[in-house]
Amino acid sequence: MRVIAGTARSLPLKTPRGQETRPTTDRIKETLFNILQQDIPGSVFVDLFCGSGGIGIEALSRGARKAYFVENAREPLSCLMDNLEFTRFQDRAMVLKQDAVAALTSITEQAVDILFMDPPYGQEQERRVLEALRNMRYITGDTLIVTEASLDTHMDYAAELGFSVIREKIYKTNKHVFLKKM
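Residues numbered from 1 in each chain as written. Predicted model: local features only at pLDDT ≥ 70, side-chain atom pairs only at ≥ 80, totals over all residues. Heavy atoms only, no water.

Novice: Could you give me a rundown of the overall build of the chain, with the residues and numbers involved?
Specialist: For the chain, the helix and strand inventory stands at 5 helices and 7 strands. When the elements of the chain are put in sequence order from the N terminus, they spell out α-β-α-β-α-β-α-β-α-β-β-β. Taking the principal axes of its C-alpha atoms as reference, the chain extends roughly 40 × 35 × 30 Å. Burial status across the chain gives 51% buried among its 182 residues. A separation of at least 24 residues holds for 66% of the contacts in the chain among residues at least 6 apart in sequence. (Helix = DSSP H or I, 4+ residues; strand = E, 2+ residues; numbered from the N terminus. Buried < 20%, exposed > 50% of the residue type's maximum accessible area, 1.4 Å probe, protein only. Contact = heavy atoms within 4.5 Å.)

Below you can see the structure in the form of structure tokens.
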């Protein structure tokens, strides 16, 4: 895994061993950031269930002003800290070592521009996060929420939580679901 573009372009990133995390492949990450490229510069970016931080680090490399990284597993956290040091992004990173839903109350921004989440598949963590986000003042009508999910994940409950699905990008093995607050 590597940083694809920006100030840290081509730098390799550490990833944890084993199957506990699923780092987003470079090809899918590149497609995602092609979609987000206009929204990244100067943004406040949140990377929930960040693993070793590849998505948030990519956002920082492409000009995000600040990124929050949320992870509570020990080995991915160790990789994240090494990756932030290696890319020299510690000064623009806020690492929250806790459960993703609990961490949402620790975000102190007036507004978050992009919130990305890549929760474990099949545990309905997306729903738990959206239930919490609907009450967070930093989630505005302009905030873009992106969920990386398995192909069989359905988010038809989003409207009852106050969010609308504005786009889906389907890949061979997973998809990105883009939501905004209604």
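Novice: A description of the sheet that holds strand β4 (residues 114-117) should follow, citing residues and the corresponding values.
Specialist: Pairing within the open sheet is mixed, and its 7 strands lie in the order β3-β2-β1-β4-β5-β7-β6. At either end of the open sheet lies a strand with only one pairing partner, and these are β3 (93-96) and β6 (163-170). Looking at each pair of strands side by side, their axes are set apart by 20° on average, direction ignored. Of the pairings in the sheet, the one linking strand β1 (residues 44-48) to strand β2 (residues 66-70) comprises 5 bridges and is parallel in character. Residue pairing for β2: Val44 is matched across the bridge by Lys66. Running at roughly 25° to strand β7 (residues 174-181), helix α1 (residues 26-36) makes contact with β1, β4, β5 (144-150), β6 and β7 of the sheet. (Pairing = 2+ DSSP bridges. Axes fitted to C-alpha atoms, helices over the stretch in contact; angles between N-to-C directions.)

Novice: Can you explain helix α5 (residues 125-133)? Please cite residues and give values.
Specialist: Of the positions making up α5, those classed as buried are Gln125, Glu126, Val129, Leu130, Ala132 and Leu133. Looking down the long axis of α5, one finds its buried residues gathered within 160° of arc, a one-sided arrangement. Contacts made by the buried residues of α5 are with β1, α4 (100-103), β4, β5, β6 and β7. (Arc of directions from axis to C-beta.)

Novice: Tell me about the nonpolar core, and please be specific about residues and values.
Specialist: Counting 30 residues, the largest nonpolar core has Leu48, Leu104, Leu115, Leu130, Leu133, Ile145 and Phe163 as the members making the most contacts within it. When residues of this core are traced back to their parent elements, those giving at least two are β1, β2, α4, β4, α5 and β7. If one sorts the elements of this core by residue count, α5 sits on top with 4 residues. In this structure, Leu115 is in contact with Val46, Leu48, Leu104, Leu133, Ile139, Leu144, Ile145 and Val146, ignoring residues within four places of it in sequence. If you look at the next biggest cluster of nonpolar residues, it comprises 26 residues, including Val3, Ile40, Ala67 and Leu84. (Core = buried A, V, L, I, M, F, W, Y, C linked by side-chain atoms within 4.5 Å.)

Novice: Requested: an account of the pairing of β2, with residues and values cited.
Specialist: Buried residues dominate β2, accounting for 4 of its 5 residues. Read as a crossover between parallel neighbours, the route from β1 over helix α2 (residues 54-61) to β2 is right-handed. Where β2 meets β3, 4 bridges bridge the pair, whose relative direction is parallel. Its bridge partner lying in β3, Phe69 is registered against Val95. Handedness of the β-α-β unit built from β2, helix α3 (residues 74-87) and β3 comes out right-handed. (Right-handed = clockwise from strand over helix to strand, strands pointing away.)

Novice: Can you break down the packing of α1 against α2 residue by residue, with the values?
Specialist: Put simply, α1 and α2 touch, their axes get as near as 11 Å, and they point 45° apart. When the interaxial angle is binned, α1 and α2 end up oblique. In terms of crossing hand, the pair formed by α1 and α2 is right-handed. Touching Lys29, Leu32 and Phe33 of α1 are Gly54, Ile55, Glu58 and Ala59, all from α2. When the residues that make up the contact of α1 with α2 are grouped by side-chain class, the tally is 4 nonpolar, 1 polar and 2 charged. (Parallel < 35°, antiparallel > 145°, perpendicular 65-115°, else oblique. Left-handed = near helix turned anticlockwise from the far one by under 90°. Nonpolar A, V, L, I, M, F, W, Y, C, P; charged D, E, K, R; others polar.)

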